[in-house]
Every structure is written in structure tokens, then in C-alpha cells.
Amino acid sequence: MSRQSSHKQRHSRQPSNRIPAVSDYESDAAALHAAYAPPPPRTNTELNLSVLQRYLPSIQAILAIAANAVIYTFDSETASWDKSGIEGTMFVCAQSALPESHRPRACVFVLNRRSLDNLVVDLARVSDVEIAGELVILRVEGSWDEGDKVIGLWIHNDRDETREISGATIQESWKLARSGTAPEEQGPEAGPAMQAVGKTLSPSDLFGKQHGPQAVNQ
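Residues numbered from 1 in each chain as written. Predicted model: local features only at pLDDT ≥ 70, side-chain atom pairs only at ≥ 80, totals over all residues. Heavy atoms only, no water.

Within an unreviewed UniProt entry, the label attached to the protein chain reads Dcp1-like decapping, and the organism entered is Metarhizium album. We quote the UniProt Sequence similarities (unreviewed entry) comment for the protein chain here in full: "Belongs to the DCP1 family." A UniProt comment under Subcellular location (unreviewed entry) is attached to the protein chain, and it reads "Cytoplasm". (UniProt positions renumbered as here; feature names shortened; annotations may be inferred.)

Structure follows, in C-alpha cells:
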């Protein structure tokens, strides 16, 4: 075989339209980018819901939000409201029904910014809700060896309608949560929260002219 024909055979083994293979580095980089692609954007409500569900998986929806709420407890011996040490963003939430019941459930959840102790109030265990000025008063039923607990939610009115909407949402959610309870088991219209206080307090008894309740023990 001549030298010229041998050169032609070697040349024909290398097609001109051959596509170069992707290097391992490039394929690994593409796979890494796909694995760490940023998640789709979520709304603030979706982010808040995911945070609350870490604490209470039964939460299904957020009905109302207040940027700041301060929790007070009523001391019947001194007839005054004491700060509980809990304050932060307040959420009124709808919850999934229990397996043995189809009754709607709802709760008030305060994400405490002062400590790890959050406040969760099951509205089905609240016998009465009253709105007195800037305070939403809840009477929470205790167990057989504990008396009922009266707590007050002072909601910062960061917008003109925040306190009004939050209070109304708590009341309506409470009515739904208690709808399966016999009428004789619910509190009388006179207001058991105020009866627990021992006397009817006017808003001026509870609040100062600017912010928060009066007669609060620091």
C-alpha cells in the first residue's frame, strides 16, 4: 500500500461534523445548579403559615394578623391587669377539625418575641369573649382542679382597622368554635369575664389615655 493511500484512510476516520462531548465538570455544574435552584417566591401569608404550622400542624389558614399584641392576665386579688411577659405578632387561625368531630376549630396564636413561650388559645375552650375599649378579654376554661383564667389582648393599632378587624375575627371564630356547645354550657350575656373580675369595669378603668391598661403591675 502506498504512503498516499494510507494517509487518505487515516483522514477518513475523523468526520468533520463530530460534536465534542461535554466534560464531567460541566455536567456536574449543571446538576448542582438544578439541585440548588432558588424556590419559587412565596407571599408573606404563606411564609407565616409555614412558621405557625411548625408549632401547630393543625393550623390551616390565617384569618387575621396584628403586628403587635401584649398579653395581660387578670389578678382577682388585686383587681389589676399584669403583664404576662408575652408579646409579639398575633394570628387568628382556622384549624382542621378533630377526627372524631366535624366542629370548626380556631385559635389565637401569639408568636412571643420576648422568649420561647408562645401563647396558643383554643377558642373552643373560651367561654366568653368581650371587647372593652382597646382590650379583647377572653375567659379561658380551666381543668377540674384549676379555675378559669381571664386574659386580655391589647392589640397595637398599627392601622386604623387592625384592632377592630382582629377583635371581630376573634369573636366570630369563637362563635363558630363554640357552635357545637349546648347553650346552657356557654356564658350568659352579662359577660362571665367581667363577672370573674367581680365588677363591671369601664374602659377608663382599664386603659390610660395613650397606650395600654391602667393598674398594670410591671
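Now that the structure has been shown, we can carry on.
A.B. asks: Explain a negative patch on the surface to me, and be specific about the residues and the numbers.
C.D. replies: A cluster of acidic residues, Asp-158, Asp-160, Glu-161 and Glu-164, forms a negative patch at the surface. Positionally, Glu-164 belongs in helix 4 (residues 162-177). A relative accessible area of 61% means that Glu-164 is categorised as exposed. (Patch = residues over 30% accessible without salt bridge, like charges linked within 9 Å, V, L, I, M, F, W, Y side chains within 5 Å. Areas by Shrake-Rupley, 256 points an atom, 1.4 Å probe, with all protein chains shown as cover. Salt bridge = Lys/Arg side-chain N within 4 Å of Asp/Glu carboxyl O. Lys, Arg positive; Asp, Glu negative; His and termini not counted. Charge placed at Lys NZ, Arg CZ, Asp CG, Glu CD. Helix = DSSP H or I, 4+ residues; strand = E, 2+ residues; numbered from the N terminus. Buried < 20%, exposed > 50% of the residue type's maximum accessible area, 1.4 Å probe, protein only.)

A.B. asks: Give a detailed account of the packing of aromatic side chains, specifying residues and quantitative values.
C.D. replies: By the definition in use, this model includes two aromatic pairs. For the ring pair Tyr-55 and Phe-109, a centre distance of 5.7 Å and an interplane angle of 50° mean the geometry is tilted. Remark: Phe-109 occurs in strand 3 (residues 105-112) and Tyr-55 occurs in helix 3 (residues 44-55); sequence separation between them is 54 residues. An angle of 65° between the planes, with centres 5.1 Å apart, marks the rings of Phe-74 and Trp-81 as edge-to-face. (Phe/Tyr/Trp six-rings, centres within 6.5 Å; stacked < 30°, edge-to-face > 60°.)

A.B. asks: An account of the pattern of salt bridges is needed here, citing residue identities and associated values.
C.D. replies: Counted under the stated rule, the structure contains four salt bridges. Note that Arg-114 and Glu-87 form a salt bridge whose closest N and O atoms lie 3.5 Å from each other. On the criterion of sequence distance, the pair formed by Arg-114 in the loop between strand 3 and strand 4 (119-122) and Glu-87 in strand 2 (residues 80-95) is long-range, its members being 27 residues apart. In this structure, Arg-178 and Glu-141 form a salt bridge, with 3.4 Å as the shortest nitrogen-oxygen distance. Taken together, the positions of Arg-178 in the loop between helix 4 and helix 5 (192-197) and Glu-141 in the loop between strand 6 (135-140) and strand 7 (149-155) put the pair 37 residues apart, joining distant regions of the chain.

A.B. asks: Please give an account of the side chain of Ser-50 that cites residues and values.
C.D. replies: Considering the arrangement of structural elements, one finds Ser-50 in helix 3. Within the local environment of Ser-50, its side chain forms a polar contact with the backbone oxygen of Leu-47, the two atoms lying 2.7 Å apart. (Polar contact = N/O pair within 3.5 Å; in protein donor to acceptor, adjacent residues only side chain to side chain.)

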